[in-house]
Amino acid sequence: MPAKRKTQKEDILKASISIISHEGLNALNARKIAKKLGCSTQPLFYIYENMDVLKKDVIDEIVKIFDREVLKSETGQLEYKDIGINYIRFAKEEHELFKIMFNRKINEGAKTILETISKQTGMSNEDAKQFHLRMWLYVNGIASLAANQTVEFNDEEIIDLLKDQYVSMLLYEVKKGNVKEE
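Quick caveat, the model's predicted, so the values are computed rather than measured. (Residues numbered from 1 in each chain as written. Predicted model: local features only at pLDDT ≥ 70, side-chain atom pairs only at ≥ 80, totals over all residues. Heavy atoms only, no water.)

J.: So what's going on with helix 4 (residues 51-70)? Which residues, and what values?
T.: Look at helix 4: 28 Å from first C-alpha to last across 20 residues, which is about the 28 Å you get at 1.5 Å a residue. If you check the start of helix 4, you find a side-chain oxygen 3.0 Å away from the backbone N of Asp 52, and it comes from Asn 50. (Helix = DSSP H or I, 4+ residues; strand = E, 2+ residues; numbered from the N terminus. Expected span 1.5 Å × (residues − 1). Polar contact = N/O pair within 3.5 Å; in protein donor to acceptor, adjacent residues only side chain to side chain.)

J.: Residue-level account of the packing of aromatic side chains, with values.
T.: Summed over the entire model, instances satisfying the criterion amount to six aromatic pairs. Plain terms: the ring middles of Phe 66 and Tyr 87 are 5.9 Å apart, the flat faces sit at 75° to each other, and that makes the pair edge-to-face. Separated by 21 residues along the polypeptide, Phe 66 in helix 4 and Tyr 87 in helix 5 (residues 80-93) bring together distant segments of the chain. We note that Phe 66, like Tyr 87, is buried. Taking the centre distance of 5.9 Å and the plane angle of 50° together, the rings of Tyr 80 and Phe 131 count as tilted. A residue pair is termed long-range when its members are at least 10 positions apart, and Tyr 80 in helix 5 and Phe 131 in helix 8 (residues 125-147) qualify at 51 residues. Given a relative accessible area of 6%, Tyr 80 falls into the buried group. Taking relative accessible area as the criterion, Phe 131 reaches 0% and is therefore assigned buried. Within the aromatic cluster, the residues linked to one another by ring pairs are Phe 66, Tyr 87, Phe 90 and Phe 98. (Phe/Tyr/Trp six-rings, centres within 6.5 Å; stacked < 30°, edge-to-face > 60°. Buried < 20%, exposed > 50% of the residue type's maximum accessible area, 1.4 Å probe, protein only.)

J.: Quick one: what's the story with the nonpolar core, residue by residue and with numbers?
T.: With 51 residues, the main nonpolar core has Ile 33 and Leu 54 as its most contacted residues. Going through the elements one at a time, helix 1 (9-23), helix 2 (30-37), helix 4, helix 5, helix 6 (95-102), helix 7 (109-121), helix 8 and helix 9 (155-176) are the ones with two or more residues in this core. In contact with Leu 54, not counting residues within four places along its chain, are Ile 12, Ser 16, Leu 28, Ile 33, Leu 44 and Tyr 48. (Core = buried A, V, L, I, M, F, W, Y, C linked by side-chain atoms within 4.5 Å. Contact = heavy atoms within 4.5 Å.)

J.: If you had to explain the pattern of salt bridges to someone new, which residues and values would you point to?
T.: Taken as a whole, this structure holds eleven salt bridges when the rule is applied. Of the charged contacts, one joins Lys 72 and Glu 69 as a salt bridge, the two residues approaching to 2.8 Å between their closest N and O atoms. Overall, the relative accessible area of 33% leaves Lys 72 in the partly exposed class. Relative accessible area serves as the criterion here: at 25%, Glu 69 is assigned to the partly exposed category. With its nearest N and O atoms 3.4 Å apart, the salt bridge here joins Glu 96 to Lys 99. Separated by three residues within a single helix, Glu 96 and Lys 99 lie in helix 6, roughly one turn from each other. The exposure class assigned to Glu 96 is buried, which follows from its relative accessible area of 18%. A network of salt bridges, in which partner residues are shared, links Arg 68, Glu 69 and Lys 72. (Salt bridge = Lys/Arg side-chain N within 4 Å of Asp/Glu carboxyl O.)

In structure tokens form, the structure reads like this:
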């Protein structure tokens, strides 16, 4: 008879994220995780001291997934528009995970975002930060609508909305003298 497969930390995280993705963070409990893994709750508490510690690890893993998805580029060269498109796509496809991310503080990915804006526009770091804040308000509004399934956007609509807003804001920055007109 083959030996039983031991439950690993990665299995617990993957099962937990799957549960949250479909039912939300409040639905996460030891019994549901154990059921998803096909085991008792004992392996969970062998690896994790309690559910609070497990949830912290799960949220840390969701942050990694979010950063990976938002900061990816289809072309290999990350552009600012990619970040907005990916952010909204993540909200649309992973609305429960997005809701967790929506209320967290700006993370390490923010540095990459600000560097991307500065590189593309020539803005100073402070101007890039202000530009991103104003753009983020717009992007987050669309993402919230998508996450809550209030409005359905296809990728073309998202790209057009973000491009129009980006160009408008960029022209405003040119007028203020923060970006050289080219």
